[in-house]
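Close look at the chain arrangement
As a plain string of letters, each chain reads:
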Amino acid sequence: MLTAQEASPSSASDQAYAHAVDLLRAGQIAQARDDLAALLRQNPTCFFAYQAYWDTIARTRDDQARRIQAADDLRFFESVAKAERTEDFYRAFESALRLTGQQDRAELVRREELDRFPKGMAAQLEILDAARIEPDPAKSVAMFREYIRRFPDNISWTESAAHGMFLKIMLHRDRFGPSDLMDAASLWEKHELVFIRKFGNPYQYYDCLKTVADAVLSTNPGMAVDYCHRGEAFVEAEWPETTEFSDEARRDFWPILLQAYSALKRWDAALRLGSVIEPALDSGAYMSAPSDAPAQAAARAAYGAALEATGSIDAARRQFGIAATLDPKRRPDLAHFEQRHPISGTALSAFEASWRGAAENIKAGREEAARKQVLASEESVPATPLRMRDAAGHPVSLAQFRGKPLILSFWATWCTFCYGELAELNEFESSGGTEAAILAVSVDVEKEKVAPFAAQRGYRFPIAISDGSGESAYGTSSIPQLYVLDAAGNIRFHLEGYPADGLFLDKLRWMVGAAASGAPVGERASHALP
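Each chain carries its own residue numbering, running from 1 in the written order of its sequence. Thresholds applied to this predicted model are a pLDDT of at least 70 for local features of residues and 80 or more for the giving and counting of side-chain atom pairs; totals over whole chains, interfaces and linings are not thresholded and use all residues. Side-chain calculation: all heavy atoms of the structure are included, whereas hydrogens and water are not.

1. Quick word on the pattern of salt bridges
Note the following rule: Salt bridge, as used here, is a side-chain nitrogen of Lys or Arg placed within 4 Å of a carboxyl oxygen of Asp or Glu. For the purposes of this entry, the term helix denotes a DSSP run of H or I that reaches at least four residues, the term strand denotes a run of E that reaches at least two, and both are numbered from the N terminus. For every residue, the accessible area obtained with a 1.4 Å probe (protein chains only) is divided by the maximum for its type, and the residue is called buried under 20%, exposed over 50%, and partly exposed between those limits.
The full count for this structure, using the stated rule, is 33 salt bridges. Ionic pairing is found between D88 and R91, a salt bridge with its closest N-O pair at 2.7 Å. Here R91 and D88 lie together in helix 5 (residues 87-99), a separation of three residues that amounts to about one turn. Accessibility expressed as a relative area gives 28% for D88, which makes it partly exposed. The class for R91 is partly exposed, based on a relative accessible area of 39%. R250 is the salt-bridge partner of E236, the closest N and O atoms lying 2.8 Å from each other. Of this pair, E236 sits in helix 12 (residues 221-238) while R250 sits in the loop between helix 12 and helix 13 (254-263), placing them 14 residues apart in sequence. For R250, a relative accessible area of 28% gives the class partly exposed. Through salt bridges with shared partners, a single network forms among D55, D63, R66, E446 and K449.

Here it is in structure tokens:
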């Protein structure tokens, strides 16, 4: 290999590395590995490329092969003079030491990096980590604020620090005044804007505006209105040029806006907005997930207050009743309303029955809307073969599962979103879901963690470990990814991510039923499945 003085990172090396990263994101793991190996042979001082290279070795071979390569690269790292050691070098050097089990030496290397680069990335990360875990909210906020003051040019991490500071104040309002929350909100928004102008990702700014609007609603409804209006305007301006949200994302601000109008006694505005929201809520197509129940109940109570204030007592009673049905915390609102407008006997019984019926209709409408959406996504595409092994090292192929539908899930032990999906797959398996087989394919770099993890969580379906050879067809740069194959091995459905909407098992049954039915694609969306 060349010495550090004989080669240095170049724009060509940067481009080669960027291309390899693109291959990784596209799931072309073996090609990325070969390209990274070629890059490092030509320019071994591309220290930023080593970690990705070692990871591709683990993905396509095994952890032992990764450790052997890291140990081999260590010999070059140790030859680099201290004066030539960059931050990228230290990250690669420390990682190689940890991969080869030399934890004490890794700590010494880390201390050396901190001494040589007191304002470097490792030092900055140490400050941020300390701020996040600091148990005293006031000290934590001060640490975040100090980080932002000292490192304004690190756009990504100052945004993270401003976000962390806002969340800390929001979660510990008893330790801070209302003005502290407002100031933190303004600071977070400011840094969020800088971030998206530099890196894109407009969803982050949308989420910032929505989070702040909801957080300040109870203490400053006027400010909540302002943030909602800015959020609506931002969505309107940005949605044609991004796939991160649609124009319907404007509706996400409406429940907050309705509550703010009601708190401000802006009854005309609350009535107009409530009259638009109510049909969507009643249909079950809007804010009907179990996790949405408190927010929907709050919006209905706000609409009920506006109806009551303008003399529509029966309509208000309906909103308060449904709100109390959706969220028990809203029962005092209903009780106070009934004290102001008492009814009894058959009239009360009729209203109570209507509230329960409305809640049942919302649930049914939500399920029907979800069923139609799932079935409308049906396709028929031959599944790309995969080379895999189970935890014992035995070969596994998709062909082994021919003859009935297969639920194919891509996951990893480090993916927290995957845990919910796998738990529900376990429930599907336990509830007698014998009409379909299940195969959960791990895309872990550290393959030795997979079997103990699966055993600890009691997964009862087969677990396979991919070698990265065919993942490009399955979008595994973002997990979880779930596919439903028919008996002939064709992909019929694809779910990206795990929405905790309470309908996952229903969606599985709808997709499996469609894949098993033998009916042509597209002929099931118009009628109910058993």
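Next comes the rest of the description.
2. So, the state of the cysteines
The cut-off we apply is this: Cysteine sulfur pairs qualify as disulfides if the two atoms are within 2.5 Å.
Taken as a whole and judged by the stated rule, the model has one disulfide. For the unlinked cysteine C208, the closest cysteine sulfur is that of C228, found at 12 Å. Classification of C208 as buried rests on a relative accessible area of 0%. With relative accessibility at 0%, the residue C228 sits in the buried group.

3. A closer look at the side chain of E134
As a reminder of what qualifies: In this charge count, Lys and Arg are treated as positive and Asp and Glu as negative; neither His nor the chain ends contribute. Here a polar contact means two N or O atoms within 3.5 Å. Within protein one must be a hydrogen donor candidate and the other an acceptor candidate, and residues neighboring in sequence count only if both atoms are side-chain atoms.
Along the chain, E134 falls in the loop between helix 7 (121-133) and helix 8 (137-150). It is K139 that comes nearest to the buried, bridge-free E134 among opposite-charge side chains, at 5.1 Å. At a separation of 3.0 Å, a polar atom in the side chain of E134 contacts the main-chain amide nitrogen of D136.

4. Topic: the sheet that holds strand 1 (residues 381-382)
Paired through backbone hydrogen bonds, the strands of a sheet run either parallel or antiparallel to each other. Condition: We treat two strands as partners when DSSP finds at least two bridges between them.
Across the sheet, eight strands lie side by side as 1-8-7-4-5-6-2-3; this open sheet has mixed pairing. Only two strands of the sheet have a single neighbouring strand rather than two, namely strand 1 and strand 3 (395-396). With five bridges connecting them, strand 4 (residues 406-411) and strand 7 (residues 481-485) associate as antiparallel partners. Counted as the bridge partner of I407 is V484 from strand 7.

5. Things to note about the environment of D486
Stated formally: When checking whether two residues touch, look at their non-hydrogen atoms; a contact exists if any pair is within 4.5 Å.
Among the secondary structure elements, D486 is positioned in the loop between strand 7 and strand 8 (490-496). Expressed as a C-alpha distance, the spacing of D486 and R402, which sit 84 residues apart in the sequence, is 8.0 Å. Aside from chain neighbours lying at most four places away, what touches D486 is K404, P405, R492 and A515. For D486, the side chain forms a polar contact with the side chain of R492, separated by 2.7 Å.

6. Quick look at the packing of helix 4 (residues 63-77) against helix 5
Two packed helices can be described by the angle between their axes and the distance between those axes. Threshold: An axis is simply a line fitted to the C-alpha atoms; with a helix, the fit covers only the stretch in contact. Between two such axes, the angle follows the N-to-C directions and lies from 0 to 180 degrees. Comment on the angle field: the value is read as roughly parallel under 35 degrees, roughly antiparallel over 145, roughly perpendicular from 65 to 115, and oblique elsewhere. Crossings are classed by handedness, with left-handed meaning an anticlockwise turn of the near helix from the far one by less than a right angle and right-handed meaning a clockwise turn. For this classification, the nonpolar set comprises Ala, Val, Leu, Ile, Met, Phe, Trp, Tyr, Cys and Pro, the charged set comprises Asp, Glu, Lys and Arg, and every other residue, Gly included, is treated as polar.
Packing of helix 4 against helix 5 brings their axes to within 9 Å, and their N-to-C directions diverge by 135°. Between helix 4 and helix 5, the angle falls in the class oblique. Here helix 4 runs over helix 5; the crossing is left-handed. Residue-level inspection shows R66, R67, A70, L74 and F77 of helix 4 in contact with helix 5, the latter providing F89, A92, F93, A96, L97 and L99. The class makeup of the residues in the contact of helix 4 with helix 5 is nine nonpolar, no polar and two charged.

7. A short note on helix 18 (residues 345-376)
Applied cut-off: Each residue after the first adds 1.5 Å to the expected span of a helix.
Taking 1.5 Å per residue, 32 residues should reach 46 Å; helix 18 reaches 47 Å between its end C-alpha atoms and fits that length. Regarding helix 18, the residues found buried are L348, F351, W355, A358, A359, I362, G365, R366, A370, R371, V374 and L375.

8. Considerations on the packing of aromatic side chains
To keep things clear, this is the line we draw: Pairing of aromatic side chains requires ring centres within 6.5 Å, counting the rings of Phe and Tyr and the six-membered ring of Trp. Pairs whose planes differ by under 30 degrees are stacked, by over 60 edge-to-face, and all others tilted.
In total, this model carries 33 aromatic pairs according to the counting rule given. Aromatic pair F47 and F89: ring centres 5.1 Å apart, planes at 85°, arrangement edge-to-face. Taken as a pair, F47 in the loop between helix 2 (29-42) and helix 3 (50-60) and F89 in helix 5 lie far apart in primary sequence, 42 residues in all. Neither residue differs from the other here; F47 and F89 are each classed as buried. Seen in terms of ring centroids, F89 and F93 are 5.3 Å apart; in terms of plane orientation they differ by 50°. Their pairing is tilted. In this pair, F89 and F93 both sit in helix 5, four residues apart, roughly one turn of the helix. For F93, a relative accessible area of 3% corresponds to the buried category.

In short, geometric facts, not functional conclusions.
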